[in-house]
Amino acid sequence: REKDDKHKTWMPKFLTAKEDKDQRKSSDDVERNIFKVKKSNVEKSKKMEKEEKIFRKTFMYDKEINVINTATAECSVPSKRRVDLPVTAGEQLDVIDITEGSAVICRNSEGRYGYVLVEHLNFR
């Protein structure tokens, strides 16, 4: 009996039912979508690293980047200088550092850094 059972359970892979193949295809599609999301996150993190390098070079900033507070922009302000961060009304910003004047160094959701005047921000 044991020998007969062994021979009955063996089945070549190419003779599996079509239903099983369809299920495998759908699970492969799901895995592929997961990989696409991860790829876009990798691209986004590379862009953030690039923006951070530009920020450190432009501002000569050698401290560790820590988020002190979060703020919301009250109005849209275009950048007048290269070091200013253009903001739109309602945009969420991370406050990185406080300067001596009335400006703070902020980071937007895209990873760009720059000065924003305190009077344009609403702290929670």
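Anyway, here's the lowdown on the structure attached to this text. (Residues numbered from 1 in each chain as written. Predicted model: local features only at pLDDT ≥ 70, side-chain atom pairs only at ≥ 80, totals over all residues. Heavy atoms only, no water.)

### A word on the pairing of strand β1 (residues 69-73)
On a regular strand, one side chain projects to one face of the sheet and the next to the other, so that they alternate. With 4 bridges joining them, β1 and strand β2 (residues 92-98) adopt antiparallel strand pairing. Looking across to β2, one finds that T72 is bridged to Q92. As judged from the 3 bridges shared by β1 and strand β5 (residues 121-123), these two strands associate in the antiparallel manner. Residue pairing in the sheet places A73 in a bridge with L121 of β5. (Pairing = 2+ DSSP bridges. Helix = DSSP H or I, 4+ residues; strand = E, 2+ residues; numbered from the N terminus.)

### Thoughts on the environment of K44
Mapped onto the elements, K44 comes out in helix α2 (residues 18-59). Taking the relative accessible area as the measure of exposure, K44 reaches 51% and is therefore exposed. With 66 residues separating them in the primary sequence, K44 and E110 have C-alpha atoms 8.5 Å apart. (Buried < 20%, exposed > 50% of the residue type's maximum accessible area, 1.4 Å probe, protein only.)

### Looking at the sheet that holds β1
Strand pairing in a sheet relies on backbone hydrogen bonds. The paired strands run either parallel or antiparallel. Reading across the sheet, the 5 strands line up as β4-β3-β2-β1-β5 and stay open at both edges, with antiparallel pairing between neighbours. For this open sheet the edge positions go to β4 (113-117) and β5, each flanked by a neighbour on one side alone. Strand-to-strand twist across the sheet, computed as the mean angle between neighbouring axes with direction ignored, equals 50°. (Axes fitted to C-alpha atoms, helices over the stretch in contact; angles between N-to-C directions.)

### Regarding the packing of aromatic side chains
All told, the structure shown has 4 aromatic pairs when counted by the stated rule. Ring geometry for F55 versus Y61: centroids 5.1 Å apart, planes at 45°, classification tilted. For the pair F55 and Y61, a shared accessibility class is recorded, and that class is buried. An aromatic cluster is present here, built from F55, F59, Y61, Y113 and Y115 joined pairwise through their rings. (Phe/Tyr/Trp six-rings, centres within 6.5 Å; stacked < 30°, edge-to-face > 60°.)

### A closer look at the pairing of β2
Direction of pairing for β2 relative to strand β3 (residues 103-107): antiparallel, over a ladder of 4 bridges. In the strand pairing of β3, D97 is matched with I105. Counted between consecutive antiparallel strands, the loop separating β2 from β3 contains 4 residues.

### A word on the side chain of D97
Tracing the backbone shows D97 in strand β2. Of the residues examined, D97 reaches a relative accessible area of 14% and is grouped as buried. At 3.1 Å, the side chain of D97 and the side chain of K63 are in polar contact. When neighbours within four sequence positions are excluded, D97 is seen to be in contact with Y61, K63, I68, V104 and I105. (Polar contact = N/O pair within 3.5 Å; in protein donor to acceptor, adjacent residues only side chain to side chain. Contact = heavy atoms within 4.5 Å.)

### Description of the environment of S109
Within the fold, S109 resides in the loop between β3 and β4. Judged by relative accessible area, which is 54%, S109 ranks as exposed. It is 8.3 Å that separates the C-alpha atoms of S109 and D94, two residues lying 15 residues apart in sequence. With residues near it in sequence (within four places) discarded, S109 still touches K44 and Q92.

Scope: geometric values only; no functional claims are made or implied.
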